[in-house]
Amino acid sequence: MVESTVDLRVVNARVVTPDGTINGGVAANDGVIVGVGTESNLPEANREIDAEGNYLIPGFIDPHVHWGLSRYEYEYHEGLEHDFETETRGAIHGGVTTVVNFLLQKEPYLPDMDFFKRAGEENSYIDFAYHAIVHQDHHVEEIPKLAEEGIRSYKVFFNWYKNASPELGIDHSDAGGVYKVLDTVSDIPGGVVMFHAENEDLAIQRRKELQAEGRNDLEAWSESAPNICEAMQIEQIGRLTEYTDSRAYIVHMSTAEGVDICKRYQEQGVNLHAETLPAFLSHTYEQDDLGVWGKISPPLRGEESKTRLWEGIRNGVVDYVGTDHCPHKLEFKEKDTGKHGDIWDAIPGDNNGIEYFLPVMMSEGVNKNRISMERLVDVCSTNNAKRWGLYPRKGAIAEGSDADMVIVDLEKSTVVDDDFYHTMEPGYSTFHGDELTGLPTHTIVGGEVVVEDGELLTEPGGRNYLPRGPEGVSLE
């Protein structure tokens, strides 16, 4: 039974629900959706928004961000607090209403759990959950108790970053270590092992050869970690996942070969799934104008991989999209050598991804007829909620779900320039200078309109840590 008068209703919308798209609206009260249907069936509200025939979708869920990653300006804990405020501010301007952040430190995580929860609760504009990067033996030992704290996803770098970015302090991972983590997590309900899949042993040799040739271009960065680097590791992950009867998830998959390998294991019944990034769906290494801003890890690929990733999204092999948002100030990204400086020394990460996530997927996906709006909602919201134990509280426009929603105008355009960003300054990304069509007009978090026509209407803090239990996160 819906309330006689509720806090908010959105009318005259094309509402994307779990059962399909309807013409109508949504009513919300006390932060929860209490009605979905035609306007005549919705209760009166204290505030009404006319969507003007635009789409109303569940807020995007970014399952892949790295707050506090920069070690150049802040101690990790201080950086985590800083980034929760600046980067989730960009999130709500871009239509992202929930985030899952990766914890990364050498020390054990459990003693700091109260801090990790408080850092988001006091500084974030949106609700949040955590993955834990397990790159030390004591992290693996912590896994059962991390699950009790609501962290049921654990990332392994197989076997990237010991040499690629030694300042991160991530040790090499071998097949034995991967086996141990997969085997441990196989006994945890809802547990998933996440993998950065690149073979660094091969990449080190290729990098030496390219540097000896004097190469310093974006294509050289791609050639230094060729497609086979990713394919080799995904193949091993698939076999080890099958061997342990566990669950694996490839983060930021970039190659056509990866799509083919995942499809084969999925057809064999192995729980191996994959995520890709907006950058891989939009850019290739041929774009020389990107300079070091285009240095991401794994690197940008060619047109064939871009095409196959879109095919993978359409046919269900690639079921998730995230951003791998790595906030660094520009001088640290470029290592003070400029946009077209040292490709080998620059930090390998994209920036501001959470703010362009929705606009890119609308512009490159829906508006270019690569995918339907319903499939877009699946891979950018609903599936992310389901995989990380957040559904149906998040990821759906349905009665009882949190009122996290976005109105999207598919005809509204903008150029990604300095004024586009609302995150850490100065803004930059692989999409800088691009025109994107399909933008959010209203972002609603917990039934509160937090951004309207680009205007920020709220303050940070007061959001919720989302602990995931054996049955997922509780409905409130």
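So, how was this worked out
Residues numbered from 1 in each chain as written. Predicted model: local features only at pLDDT ≥ 70, side-chain atom pairs only at ≥ 80, totals over all residues. Heavy atoms only, no water. Domains from an automatic or database assignment. Buried area = accessible area lost by both parts, 1.4 Å probe. Polar contact = N/O pair within 3.5 Å; in protein donor to acceptor, adjacent residues only side chain to side chain. Salt bridge = Lys/Arg side-chain N within 4 Å of Asp/Glu carboxyl O. Helix = DSSP H or I, 4+ residues; strand = E, 2+ residues; numbered from the N terminus. Buried < 20%, exposed > 50% of the residue type's maximum accessible area, 1.4 Å probe, protein only. Expected span 1.5 Å × (residues − 1). Contact = heavy atoms within 4.5 Å.

S.K.: I'm lost on the domain arrangement of the chain in this one. Help?
M.R.: How big an interface is tends to be stated in terms of accessible area lost as the parts join. Assigned domains of the chain: these are domain 1 (6-57 + 400-456) and domain 2 (59-388). Once you take the C-alpha centre of each, domain 1 and domain 2 turn out to be 27 Å apart. Where domain 1 abuts domain 2, roughly 3,500 Å² becomes buried across the two surfaces, and 69% of that area is made up of carbon and sulfur atoms. For the interface between domain 1 and domain 2, the tally reads 14 residue pairs in polar contact (both at pLDDT 80 or more).

S.K.: Looking at this structure, I do not really get the pattern of salt bridges. What am I missing?
M.R.: Once their charged atoms are close, side chains differing in charge can pair, the charge on each being opposite to the other. On inspection of all chains with the given rule, the structure shows 25 salt bridges. Across the salt bridge formed by K117 and E149, the nearest N and O atoms sit 2.9 Å from each other. Placement of K117 in helix α2 (residues 113-123) and of E149 in the loop between α3 (137-148) and β9 (153-158) is noted, with a sequence separation of 32 residues between them. Across the salt bridge formed by R375 and D319, the nearest N and O atoms sit 2.7 Å from each other. You can see R375 sitting in helix α13 (residues 373-387) and its partner D319 sitting in strand β13 (residues 318-321), a full 56 residues away along the chain. By the burial criterion, R375 is buried, and D319 matches it. Here the salt bridges share partners, and the residues they tie into one network are D127, R393, K394, D402 and D404.

S.K.: Where do I start with helix α8 (residues 256-267) in this structure?
M.R.: Here α8 spans 17 Å end to end across twelve residues, near enough to the 16 Å set by a 1.5 Å rise per residue. When α8 is considered as a whole, its buried residues turn out to be A256, G258, V259, I261, C262 and Y265. Here the buried face of α8 lies against α7 (227-244), β11 (248-250), β12 (272-276), α10 (303-315) and β13.

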